[in-house]
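# Per-entry structural report
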Protein chains: 2
Amino acid sequence: MTKKKPTILVVNDDGITAPGIKVLLEEMQKLGNVVVVAPDAPQSGMGHAISISKPLRLDKVDIYKGVEMYKCSGTPVDCVKLAVDRIFSDIKPDLCVSGVNHGLNYSINVLYSGTMSAAVEGAIEGIPSIGFSLDDFSHSADFSHIRSYLFSIASQVLQNGLPKGTLLNVNFPHIEKEIKGIKICRQANGHWVEEFEQRTDPYKREYFWMTGRYEWVDRGEDTDVFAINHGYVSIVPTQFDMTAHHAIQEMNSWSFDLTD
Amino acid sequence: MTKKKPTILVVNDDGITAPGIKVLLEEMQKLGNVVVVAPDAPQSGMGHAISISKPLRLDKVDIYKGVEMYKCSGTPVDCVKLAVDRIFSDIKPDLCVSGVNHGLNYSINVLYSGTMSAAVEGAIEGIPSIGFSLDDFSHSADFSHIRSYLFSIASQVLQNGLPKGTLLNVNFPHIEKEIKGIKICRQANGHWVEEFEQRTDPYKREYFWMTGRYEWVDRGEDTDVFAINHGYVSIVPTQFDMTAHHAIQEMNSWSFDLTD
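Residues numbered from 1 in each chain as written. Chains lettered and ligands numbered in written order. Predicted model: local features only at pLDDT ≥ 70, side-chain atom pairs only at ≥ 80, totals over all residues.

With that out of the way, let us pick up the overall build of chain A. When helices and strands are counted, chain A shows seven helices and 13 strands. Here chain A has a C-alpha radius of gyration of 20 Å; the compact-globule value for 260 residues is 18 Å, and the two agree. Within the span of chain A, comprising 260 residues, buried residues form 53% of the whole. A separation threshold of at least 6 residues defines the contact pool for chain A, and within that pool the share at least 24 residues apart is 76%. (Helix = DSSP H or I, 4+ residues; strand = E, 2+ residues; numbered from the N terminus. Rg over C-alpha atoms; globule rule 2.2 N^0.38 Å. Buried ≥ 20, exposed ≤ 12 C-beta atoms within 10 Å, placed from the backbone. Contact = placed C-beta atoms within 7 Å.)

Dropping the structure here:
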C-alpha cells in the first residue's frame, strides 16, 4: 500500500491571479494534492485582519488545470479560516503554504504582511505552515531561481513537521543575486520611517498617501535582513506566542498603587 | 522648575466616539497632555493592517472639551503612524495607550485586535505602549470599576518605562466580577473554532458570516485567560519579536536537498 498523498493548502495576499501563487502551487503539486484559497483582489498589508462586520463570498474558480481553487472576498486570514471550516471541515491539511509574496517580509514586516498572517493562522489551527516571500515587488517578478527551494523546504516540513506553535518565515533574494545558501535566522529589529505625502483632492480637501523607508536598526549577523543582504535565503522560525517571557519577573516587582 | 507634563497619545479600534476611549482619555488627562488619534469608524478585528493602496484622511475634531483630537479614515495602526509622522513629528510621545476596547483581547486575540496592534505599533516606534481591554462587548459597557487601574498602570509605565521591545496587554474583568488584584501573565494558547454561517442573498448567491467560539486549550494558571476567569486584571508583557528562538538550533540540523 502506498502512503496517502499529503493535502496542501495554498494561500497568498497578492490575490488569486498573482504570478507568485502560480509558481508555489506548481511546486506543491509535485508533493501532494493542492487546494488553493486566495483573495479575489490584492490584500497586501492586511496583517492579521479578519472580517467580522461584513459577509464573505467564497467561489470555486477554474484557473489552472487540475487544481481545486477558490477565490474569497476576505482577507488572507479569512481565507485560511474559511478553508479549514468550509472546504476541509473533516480533515486537516498536512501543510499550509502562503505566497510567494511579491516583496520581502523580513524583520517586523512579519506583522504587516497578509502572506505571513495567513501562515500564522495556519499554525494557530495546528497545521505546519510556511510563508514564502521574494525580494521583488513587480508583477513580472522572476521566480525561477527559487522553485527548487520551495519544493525542498516544503518537503522537509512535510517530513519533519515543525516544533509546536512554530511556523516558518522564508525570504528569498532577488534573481539578480546569486543565492549562496540557506540561513536559519532571527527576526531583525527595525521599523518603517513613514513620510506621509500630503495632497489635495479635486474638492480642495487634503489627504495622505503612506510612503516610507525601512530602517534596519539591528545589524546582527544572525538576522534575516543580514542574510538577505548577503545573498542567502533566510528562514526565521516564527511563533504566535507574543509574550515577552523575560519581562514577567521584572514586572512582578512593580507595585500598583490604586489610591487615586 | 516643575517637570514637563508628559505627552500621551490615545488611540483605539472601536472608533473615536466609543465610550471606552472617553474613559481612557479622561484618566490620561490627570497624567499629562492628551492627543487622541482614532479611527472615524469601528475597526475591530483589523489586526496590524495598514493602508498602502488607498489614501488616508486625517481631520481635527472637537468632541471633548480641552482635548486635541483627530479622526482618521484608516486602521488603528495607520492612526499611530500618522500621529507619529504628522501630528508629533518633532517630539515623541511619552506614552501610547490604546482602548479601552469593548471586549477582551487575551490569548491569541492579541493578533486579531486592532487595539493591541495600535499598541504594538507604538512600541515599534519606541514609545512605551499599553493596550487596555474590558470583558464587555456592549456599547453601554460600564468602565467605572477600572478607572483607577487605567490611571495606576499608566503612571507606573510613565515612571518606570518598559523593557526594550516590550508593551503591555492589559485585560479587565466584567464589572459584575469583583476584581481580586493584578496578575502578570503569559499569553494563553488557544484558538477560535469558526462556524461560518451560510446564507443566501436576494440574488440567490450564497455568502458567509464568520461566527465562532474561543477554545481555551492551555489551562496554565500563569495565563491571562486563567487570570480573567478568576477575577484578576491580567497584564501580559508583549513583544513584537516573533522569532521562535528555541527552534533555531533544531532547524539548523535540517538538510535541504536541492536536487529536484
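Attention now moves to the pairing of strand 3 (residues 58-61) of chain B. Residue and element names in this part refer to chain B. In this structure, strand 3 lies alongside strand 4 (residues 68-72), joined through four bridges in antiparallel fashion. For D59, the partnering residue across the bridge sits in strand 4 and is K71. Counted between consecutive antiparallel strands, the loop separating strand 3 from strand 4 contains six residues, among which G66 sits at a positive phi close to 75°. (Pairing = 2+ DSSP bridges.)

Counting through the fold element by element, B:I235 comes out in strand 13 (residues 232-239). Separated by 20 residues in the primary sequence, B:I235 and B:E215 place their C-alpha atoms 20 Å from one another. Excluding its chain neighbours within four sequence positions, the residues that come into contact with B:I235 are A:M251, B:L168, B:V170, B:I182, B:I184 and B:C185.

So, about the sheet that holds strand 1 (residues 7-11) of chain A. All names here are of chain A. Here nine strands make up an open sheet; going across it, the order is 3-4-2-1-5-6-7-13-8 and the pairing mixed. Every other strand in the sheet has two partners, leaving strand 3 (58-61) and strand 8 (181-184) as the edge strands with one partner each. Taking each pair of neighbouring strands and ignoring which way they run, the sheet shows an average axis angle of 20°. Pairing of strand 1 with strand 5 (residues 95-102), which is carried by four bridges, proceeds in the parallel orientation. Directly across from L9, in strand 5, lies its bridge partner C96. With respect to the sheet, helix 1 (residues 19-29) is in contact with strand 1, strand 2 (33-39), strand 5 and strand 6 (129-134), its orientation differing from that of strand 5 by roughly 145°. (Axes fitted to C-alpha atoms, helices over the stretch in contact; angles between N-to-C directions.)

Of the transformation superimposing chain B on chain A, the axial component is 0.0 Å and the angular component is 180°, with the fit at an RMSD of 0.0 Å. On this basis, the relationship between the two copies can be described by a two-fold rotation axis. Of the interface residues in chain B, 100% have counterparts in chain A that sit at the interface too, so the contact is made through matching surfaces. (Least-squares fit on C-alpha atoms with pLDDT ≥ 70 in both.)

Residue and element names in this part refer to chain B. In spatial order, the strands read 3-4-2-1-5-6-7-13-8; together these nine strands make up an open sheet with mixed pairing. Since the sheet does not close on itself, it has two edges, and those belong to strand 3 and strand 8 (181-184), each with one partner. The mean inter-strand angle of the sheet, taken between neighbouring strand axes irrespective of direction, is 20°. Pairing of strand 5 (residues 95-102) with strand 6 (residues 129-134) involves five bridges; the strand directions are parallel. In the strand pairing of strand 6, H102 is matched with L134. Contacts between helix 1 (residues 19-29) and the sheet are confined to strand 1 (7-11), strand 2 (33-39), strand 5 and strand 6, with strand 5 contributing the most and set at about 145° to the helix.

What follows covers the packing of helix 1 of chain A against helix 5 (residues 147-160) of chain A. All names here are of chain A. For the pair helix 1 and helix 5, the least separation of the axes is 9 Å and the interaxial angle reads 50°. Classified by the angle their axes make, helix 1 and helix 5 are oblique. As helix 1 runs across helix 5, the sense of the crossing is right-handed. Contact with helix 1, carried on its side by V23, L24, E27 and M28, involves R147, L150, F151 and A154 of helix 5 and no other residues of that element. (Parallel < 35°, antiparallel > 145°, perpendicular 65-115°, else oblique. Left-handed = near helix turned anticlockwise from the far one by under 90°.)

Residue and element names in this part refer to chain B. Its 14 residues give helix 5 (residues 147-160) an end-to-end C-alpha distance of 20 Å, which sits within 8% of 20 Å, the value for a rise of 1.5 Å per residue. Its buried side turned inward, helix 5 meets helix 1, strand 5, strand 6, strand 7 (166-172) and strand 13. Two residues or fewer after helix 5 comes G161, characterised by a positive phi angle close to 65°. (Expected span 1.5 Å × (residues − 1).)

With that out of the way, let us pick up the nonpolar core. A:V10, A:V37, B:V10 and B:V37 are the most contacted members of the largest nonpolar core, which totals 162 residues. Setting aside residues up to four positions removed in sequence, A:V10 forms contacts with A:I21, A:L24, A:L25, A:M28, A:V34, A:V36 and A:V97. (Core = buried A, V, L, I, M, F, W, Y, C linked by C-beta atoms within 7 Å.)

In this assembly, 71 residues from chain B lie in contact with 71 residues from chain A. At seven residues, the largest contribution of residues to the side of chain B that touches chain A is made by helix 5 of chain B. Each residue belonging to the side of chain B that touches chain A can be placed in one class, and the counts come to 38 nonpolar, 21 polar and 12 charged. (Nonpolar A, V, L, I, M, F, W, Y, C, P; charged D, E, K, R; others polar.)

With that settled, consider helix 4 (residues 114-124) of chain B. Of all 11 residues that make up helix 4 of chain B, 11 are buried, and the element is covered over most of its length. The first or second residue beyond helix 4 of chain B is B:G126, which carries a positive phi of 85°.

Attention now goes to unusual backbone geometry. In this structure, the amide linkage connecting A:G99 to the following residue, A:V100, adopts the cis form with an omega of -10°. Examined against the element boundaries, A:V100 turns out to sit in strand 5. Not every positive phi belongs to a glycine, and B:S89 is a case in point at roughly 35°. By secondary structure assignment, the location of B:S89 is in the loop between helix 2 (76-88) and strand 5.

Once that is clear, we can look at the environment of B:Y64. Residues and elements named next belong to chain B. Within the fold, Y64 resides in the loop between strand 3 and strand 4. Separated by 30 residues in sequence, Y64 and V34 place their C-alpha atoms 11 Å apart. Excluding its chain neighbours within four sequence positions, the residues that come into contact with Y64 are K22, L25 and M69.

Note on placement: B:P237 falls in strand 13. Given 24 C-beta atoms within a 10 Å radius, B:P237 is considered buried. A C-alpha to C-alpha distance of 9.0 Å links B:P237 and B:P163, two positions 74 residues apart in sequence. Beyond its immediate sequence surroundings of up to four residues, B:P237 is in contact with A:T243, A:A244, A:A247, A:I248, A:M251, B:T166 and B:L168.

This part covers the pairing of strand 11 (residues 206-209) of chain A. Residues and elements named next belong to chain A. In the sheet, strand 10 (residues 197-200) pairs with strand 11 via four bridges, with the strands oriented antiparallel. Looking at the pairing, E197 lines up with W209 of strand 11. Here strand 10 folds back onto strand 11, and the loop between the two strands holds five residues, one of which, K204, carries a positive phi near 70°.

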